[in-house]
Amino acid sequence: MDYNVYNNPLVTRYATKEMSALFSEQHRIGLFRRLWLALAKGEKELGLNITDAQIAELAAHLDDIDFAVEAEREKLVRHDVMAHIYTYGLVCPDAAPIIHLGATSCYVTDNADIIIYRRALELVRAKIVAVIAKLAKFAKKYRSTPTLGFTHLQAAQLVTVGKRATLWIQDLLLDYANVNHALDTMVMRGVKGTTGTQASFLSLFDGDHDKVKALDKFVCNEFGFKSSIPVSGQTYTRKIDYNILVNLSMLAQSAYKFAQDIRLLQSRKEMEEPFSEKQIGSSAMAYKRNPMRSERICALSRYIISLPANAAMTACVQGFERTLDDSANRRIVMGEAFLAADAVLELLLNVTDGLVVYEKVINAHIREEIPFMATESILMECVRAGGNRQELHEKIRTHSMLAEKNFRMTGKPNDLIERLKKDPAFAAVKDFDALTDPKLFIGRAPEQVDEFLKKEVNPVLRKFKGQTENFKGDIKV
């Protein structure tokens with residue numbers, strides 16, 4: 001790394017080499033050359049005067065790219081694609097005359113981008129499934145462990161630790177479905193010509209429309225796409241980019257929600273993200289155990305969430321068949337969106353693989369609140385024994401207010417149950433402890449976890465069995 005220039009932290013600190021390599025110049029220009037090769041093969045097959053030797057020459061030089069030569073040529077001609085055509089032609093002198101035959105720059109730039117985005121989305125999807133798998137194990141393990149539920153960030157009815165995890169999983173399943181749809185409907189730009197009319201190819205094939213369509217199909221098949229976009233200008237519609245970024249934004253929303261929950265739970269000492277033996281939480285406060293991983297998830301997720309607006313603006317200003325103000329913007333936003341998403345997923349894998357649950361702390365917090373939750377059961381038992389509901393309700397309300405005030409003013413434990421035990425109006429209750437068992441207040445949470453995992457999660461995990469187990473969630477710093 002050159003420490004005298006700006007280095008993108010998404011590459012140097014956060015994302016994996018695998019995702020970064022997809023957006024590298026080596027990979028992108030390698031795809032340019034493969035697209036030129038596919039075009040030449042298709043044109044030869046459809047009758048143009050292209051030889052086997054030319055095809056073999058193109059195929060032999062797909063990855064030996066001389067970027068220094070290309071850079072010098074681009075300085076001269078001020079056109080990156082033409083510079084790459086020139087550079088390819090130097091190592092393929094016999095094939096040089098037929099490189100890029102009939103094509104426009106967007107034949108290689110747009111099609112290469114789509115191929116990169118497809119592979120990047122496949123990687124994102126696999127990591128989403130890997131995170132779901134880790135959370136599914138966690139949900140199953142803690143399916144019956146009671147914990148305080150929170151609405152409005154205030155203590156509410158009990159849930160279970162595992163049930164809360166299903167909420168995180170459900171969001172990720174929606175993200176999985178969205179990415180699946182994006183992949184299933186992804187098409188190439190194809191072979192469309194300078195303004196999308198395919199005029200240059202129609203000329204090459206002497207007006208044979210069927211051959212033009214066949215060439216378009218040939219190139220799509222070479223790269224495993226079912227079809228190309230039905231119509232285009234010079235570029236594919238930039239709404240496709242927007243749609244991709246929306247999917248990444250929704251993933252980031254799920255990640256942020258999860259990480260924020262972990263941060264809040266860690267502040268209550270109920271759960272904790274992994275914390276290594278030598279990890280330092282603060283340069284000043286040596287005792288700190290800061291949720292660094294979850295905080296980073298939130299930071300990167302906010303960035304991703306902001307990006308669709310950028311793509312929307314690019315899509316809406318593409319006048320007529322295209323303008324070039326999309327190019328520099330897309331080089332930055334699309335790659336960085338995927339790198340940031342990859343970094344977030346690596347962090348999610350890391351955190352979900354090492355979540356720590358402090359059940360005794362959770363239980364202590366439950367004990368602070370459960371006397372209030374038990375009052376309805378206490379009320380019903382007394383009514384069944386002949387008590388007046390309205391009178392009992394008022395007594396519970398009065399005792400509850402005093403118990404809450406005592407807790408807030410003195411910090412002493414919630415003494416509501418002790419107050420009710422001393423009040424003759426509640427003498428019908430023989431076993432107060434039985435009525436305050438936390439498991440009485442979790443409803444169908446354990447069963448909901450089981451049903452959700454069986455019906456919604458396990459079918460997805462089975463589809464990817466053996467494909468996601470190697471994702472470890474390594475973080476660089």
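See above for the structure.
Notes on the structure follow. Every value quoted in this text rests on a predicted model; they were computed, and no experiment measured them.

1. Details of the overall build of the protein chain
Reasoning step 1: Within the protein chain one finds 19 helices and four strands.
Reasoning step 2: A compact globule built from 477 residues should have a C-alpha radius of gyration of about 23 Å, whereas the protein chain, at 31 Å, is more than 25% larger.
Reasoning step 3: In terms of overall dimensions, the protein chain has a C-alpha envelope of 105 × 50 × 40 Å along the principal axes.
Reasoning step 4: In the protein chain, the share of contacts with a sequence separation of at least 24, taken over all contacts with a separation of at least 6, comes to 78%.

2. Some remarks on the side chain of Asn111
Reasoning step 1: Mapping Asn111 onto the fold places it in helix 7 (residues 105–141).
Reasoning step 2: Since its relative accessible area comes to 0%, Asn111 is described here as buried.
Reasoning step 3: Excluding its chain neighbours within four sequence positions, the residues that come into contact with Asn111 are Leu35, Cys106, Met188, Arg189 and Gly190.

3. With respect to the packing of helix 5 (residues 67–77) against helix 6 (residues 80–91)
A pair of packed helices is characterised by two quantities: the angle between their axes and the separation of those axes.
Reasoning step 1: One way to put it is that helix 5 packs onto helix 6 with a least axis distance of 8 Å and a crossing angle of 135 degrees. With respect to helix 6, the element helix 5 is oriented oblique. Between helix 5 and helix 6 lies a crossing whose hand is right-handed. Between helix 5 and helix 6, the residues in contact are Phe67, Val69, Glu70, Arg73, Glu74 and Val77 and Asp80, Ala83, His84, Tyr86, Thr87 and Leu90, respectively.
Reasoning step 2: Per-class residue counts for the contact of helix 5 with helix 6 are six nonpolar, two polar and four charged.

4. Some points on the packing of helix 7 against helix 14 (residues 327–353)
Reasoning step 1: Where helix 7 contacts helix 14, the axes come no closer than 9 Å and their chain directions differ by 15 degrees. Here helix 14 runs roughly parallel to helix 7, going by the angle between their axes. In this structure, helix 7 meets helix 14 at a crossing whose hand is left-handed. Listed contacts from helix 14 to Asp113, Tyr117, Ala120, Leu121, Leu123, Val124, Lys127, Ile128, Ala130, Val131, Lys134 and Leu135 of helix 7 are Arg330, Met334, Phe338, Asp342, Leu345, Glu346, Leu348, Leu349, Thr352 and Asp353.
Reasoning step 2: Each residue belonging to the contact of helix 7 with helix 14 can be placed in one class, and the counts come to 14 nonpolar, one polar and seven charged.

5. Topic: the pattern of salt bridges
Reasoning step 1: All chains considered together, the criterion is met by 28 salt bridges.
Reasoning step 2: In this structure, the salt-bridge partner of Glu394 is Arg397, at a minimum N-O distance of 2.9 Å. Of this pair, Glu394 and Arg397 both sit in helix 16 (residues 389–410), separated by three residues, roughly a single helical turn.
Reasoning step 3: Look at Glu394 and you get partly exposed, because its relative accessible area is 37%.
Reasoning step 4: Put simply, Arg28, Asp113, Asp241 and Arg330 are held in one network by salt bridges that share partners.

6. Here's the deal with the environment of Ser327
Reasoning step 1: Inspection of the secondary structure puts Ser327 in helix 14.
Reasoning step 2: Residues Ser327 and Thr314, spaced 13 residues apart in sequence, show a C-alpha to C-alpha distance of 9.5 Å.

7. Observations concerning the pairing of strand 1 (residues 146–151)
Reasoning step 1: For strand 1 and strand 2 (residues 154–160), the ladder comprises six bridges, and the chain directions are antiparallel. Bridged to Phe150 within strand 2 is Ala155.
Reasoning step 2: Counting the residues that bridge the hairpin from strand 1 to strand 2 gives two residues, and of these His152 lies at a positive phi of roughly 60 degrees.

8. What about a nonpolar patch on the surface?
Reasoning step 1: A grouping of Leu76, Val77 and Met82 is seen on the molecular surface, where their side chains present a nonpolar patch of about 280 Å² in accessible area.
Reasoning step 2: Within the element layout of this structure, Met82 appears in helix 6.

Scoring rules and cut-offs
Residues numbered from 1 in each chain as written. Predicted model: local features only at pLDDT ≥ 70, side-chain atom pairs only at ≥ 80, totals over all residues. Heavy atoms only, no water. Helix = DSSP H or I, 4+ residues; strand = E, 2+ residues; numbered from the N terminus. Rg over C-alpha atoms; globule rule 2.2 N^0.38 Å. Contact = heavy atoms within 4.5 Å. Buried < 20%, exposed > 50% of the residue type's maximum accessible area, 1.4 Å probe, protein only. Axes fitted to C-alpha atoms, helices over the stretch in contact; angles between N-to-C directions. Parallel < 35°, antiparallel > 145°, perpendicular 65-115°, else oblique. Left-handed = near helix turned anticlockwise from the far one by under 90°. Nonpolar A, V, L, I, M, F, W, Y, C, P; charged D, E, K, R; others polar. Salt bridge = Lys/Arg side-chain N within 4 Å of Asp/Glu carboxyl O. Pairing = 2+ DSSP bridges. Patch = residues over 30% accessible without salt bridge, like charges linked within 9 Å, V, L, I, M, F, W, Y side chains within 5 Å. Areas by Shrake-Rupley, 256 points an atom, 1.4 Å probe, with all protein chains shown as cover.

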